[in-house]
Amino acid sequence: MNGAELIVRTGISAGIDVCFANPGTTELPIVAALDRAPGIRAYLGLFEGVCTGAADGYGRMMDKPAMVLLHLGPGYANGIANLHNARRAKSPVLNLVGEHATWHRVMDPPLAMDIESLVRTVSGWYRTSKSAPGIPGDIADAVTATRLGQVATLIVPHDYQLAECEGYEVKGPGNPFDPLDPNSIEAVASRLRYSRKVALMLGGRGLRKPGLIAAGRIQKRTGCDLLAPTLPGYMERGPGLPVVGRVPYFPERAVDMISRYEAVVFAGTSEPVTFFGYPGVRSRILSDEQERIILCSDRQNVEEALEWLADALGTPSRPNIDDNPPSKSSRPELPAGELTAEKACITLAALQPENAIIVDEAVTTGLSYFLLPTVLPAHTVMNLSGGSIGQGMPCATGAAIACPDRTVINLQADGSALYTVQALWTQAREALNVTTLICSNRSYRILQMELSRSGIATDGPNTRTLTELTDPPIDWVRIAQGFGVPGVAVGTAEDLARELSKAVTEPGPHLIEMVLP
Ligand SMILES: Cc1ncc(C[n+]2csc(CCOP(=O)(O)OP(=O)(O)O)c2C)c(N)n1
Ligand SMILES: [Mg+2]
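In this text, all values refer to a predicted model and were calculated from it rather than measured experimentally.

Calculation criteria
Residues numbered from 1 in each chain as written. Chains lettered and ligands numbered in written order. Predicted model: local features only at pLDDT ≥ 70, side-chain atom pairs only at ≥ 80, totals over all residues. Heavy atoms only, no water. Helix = DSSP H or I, 4+ residues; strand = E, 2+ residues; numbered from the N terminus. Contact = heavy atoms within 4.5 Å. Areas by Shrake-Rupley, 256 points an atom, 1.4 Å probe, with all protein chains shown as cover. Lys, Arg positive; Asp, Glu negative; His and termini not counted. Charge placed at Lys NZ, Arg CZ, Asp CG, Glu CD. Near = heavy atom within 4 Å. Polar contact = N/O pair within 3.5 Å; in protein donor to acceptor, adjacent residues only side chain to side chain. Nonpolar A, V, L, I, M, F, W, Y, C, P; charged D, E, K, R; others polar. Phe/Tyr/Trp six-rings, centres within 6.5 Å; stacked < 30°, edge-to-face > 60°. Lys NZ or Arg CZ within 6 Å of the ring centre and 35° of its normal.

A.B. asks: Give me the lowdown on the overall build of the protein, citing residues and values where you can.
C.D. replies: When its secondary structure is counted, the protein shows 20 helices and 18 strands. With the C-alpha coordinates aligned to their principal axes, the bounding extent of the protein is approximately 65 × 60 × 45 Å. When contacts within the protein are restricted to residue pairs at least 6 apart in sequence, those whose partners lie at least 24 apart make up 79%. As presented, the protein carries roughly 21100 Å² of accessible surface, and 53% of it is formed by carbon and sulfur atoms. Counting 45 positive and 55 negative side-chain charges, the protein places the centres of these two groups 4 Å from one another.

Set out below in C-alpha cells:
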C-alpha cells in the first residue's frame, strides 16, 4: 500500500464516500488509489470552484464532508471563493491538495506556489503532511476538524503519496466538541424566563431539524422569536417546524426588525453586522443598549445546547402537534401573465415538490421567496452565506449527489450563474435531478440598486458596461444544450408553471430561462 492508498482507505473508514476532483500530475497517485481501494465515487468538476461548491452543497446536505481533490496552489486558488462560502455556511469540507515532491519543490518549478498561505484564508484546520506514515493521523485529524463545521485542508507532497506504507494502521476521526457547561445554559434559561422581548438567533447546525425542534420548545415556553442570519447556509422549513425569520439584507430594515428586542441569544451564529460599511450607517445591527447572550461557542454542539436549554426551561420534549409550529402546509395560487421576480417566486412556491432542496442564489429575484406568507411542504433552503457569487450551480450539483431521491431546484441569478456555469456539464454527465431556474434580468441588478441607494447615476457609459449583461444577450438555452442539459426559455407565469412542472417530474437536469424585466 502506498501513501495515496492510505489516504483513500483512511477517508473511507472516516465515512467519506464522494470525491469532487480536478486533478493534475501531483494528485495522480490519489486518482489511481481511488480505484485500487474502492469505496469513494469520484466526480469531475471542470473548474475547481465547481468542485469546492459541490463539496459545500454535499456537506450542507449530509452534515459530513466530501473529499475535494485539487491541484497545487493554482487549483486551490481557483476553488477558494466557494470554500469561503463553505466556511461562512459552517459546512464540513475536506480538501486534499497535491504538492510537488519534497525533493523537487526546492527547485521552484513553474506551478509551485505558497499553498499554505492560500489555505489558511478559508480553512479552520490545515496541515502539510510531514511523512507518509503520518498520513492516517493527518486525515483523521482533518475529518475531526470538519465535524466542527469547518473547511479542513491537507497538503500532501507527491513523494509521500508514492511512498510504500505497508503495515500502517488506518486511524479513525475523533469527537471535536468542547463539553457544554450546565451553569451557563442555566444562566441563559433564567434570562429567558424574565423577558418576553427576546430573539433566539439560530445558525449552523441550529437550523437543522433537531435544533429547530428544540428551538420550537424554547419558543413555546418563553414566547421568544426565532431568527436566522440574512443568508443561512442550511435551513429546514415546513409543517411541524417553527417559523424562523431572517435578518433583512438592507441595514435600515435589519435595524428596524431587531430593534423590537431587549436581548438576542446567539446559538450557532454570531452577532449580525451589515454586509458593507455605508457612510453614516452603523455596522452593528444591534444597538449598544440591546443585550447579547451567547448560548455556546463555535467549538460546542449547538443542537445539544438548544436541547439542554429547552430542558432547563422545563418544556415538554414532545409538544402537541397543534402547538406553536404550523402543522399543515399551504401553497400560494399560481400567478398569471408577464413574468416578474415576484411571480417567479410564487410559481416556485406553488409547484416545488415535497422535500425539495432549494438552492437560492437568485440575488434580487429571490428576495420575496423566503417572505411568502405560506408554510410550504417540507423543504430545505440553502443560501449564499459568504456572498461570493458563483456558488448556486455547484452547490445544487453537490446537493443532488448527496440526495439523489430529492428534487433540487436552483433559483439562480444570471450574472452569478456565469462564474461556474460548467457545473451544468457535471449535472448532465451524472444525470442529476437539478432544475435550474435562471433569473434572466440581463444585469447585475443588485449593483444597480446599490448605486441608486448611494445616489450615484446608473446610466454613465462605463457604469452601464459594468452592470448590464446585454450586447450580446446571453443565450441560456444554447448554453444549457451545449453542456448536455435540455433548456427552454419562458416569459409568462403560465409557461413557467408548465415547464417547471414538467422539469421536476422528468429525471435528469433541466434549465429554464425565466426572462424577466
Ligand atoms: C466573487 C464575487 N465577485 C463579485 C461580486 C460582486 N457582486 C455581487 S452581486 C453581483 C452580480 C449580481 O448579478 P446577478 O447574479 O445577475 O443577480 P441580480 O443582481 O441581477 O439579481 C456581483 C458582481 C461578489 N459578490 N462575489
Ligand atoms: Mg442578473
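Past the structure itself, the notes keep going.
A.B. asks: Can you break down the site of ligand 1 residue by residue, with the values?
C.D. replies: Lining the immediate surroundings of ligand 1 are 16 residues, of which T364, D414, G415, S416 and I446 lie closest. Between G387 and ligand 1, the recorded distance is 2.9 Å, taken from a backbone N or O atom to a nitrogen atom. Between ligand 1 and the protein, one listed contact pairs an oxygen atom with a backbone N or O atom of I446 at 2.7 Å. Here ligand 1 loses 77% of its free accessible area of 580 Å² to cover by the protein chains. Of all the secondary structure elements, the ones that give two or more residues to the shell around ligand 1 are α15 (414–417) and α17 (445–453). Taken together, the residues of the shell around ligand 1 break down into seven nonpolar, seven polar and two charged.

A.B. asks: Please give an account of the packing of aromatic side chains that cites residues and values.
C.D. replies: Under the counting rule described, the total for this entry stands at six aromatic pairs. Taken together through their ring pairs, the aromatic side chains of Y249, F250, F275, F276 and Y278 make up a single cluster. Directly above the ring of Y234 sits R208, whose terminal nitrogen or CZ lies 3.9 Å from the centroid. The aromatic ring of F370 is capped on one face by R237, whose charged end is 4.1 Å from the ring centroid.

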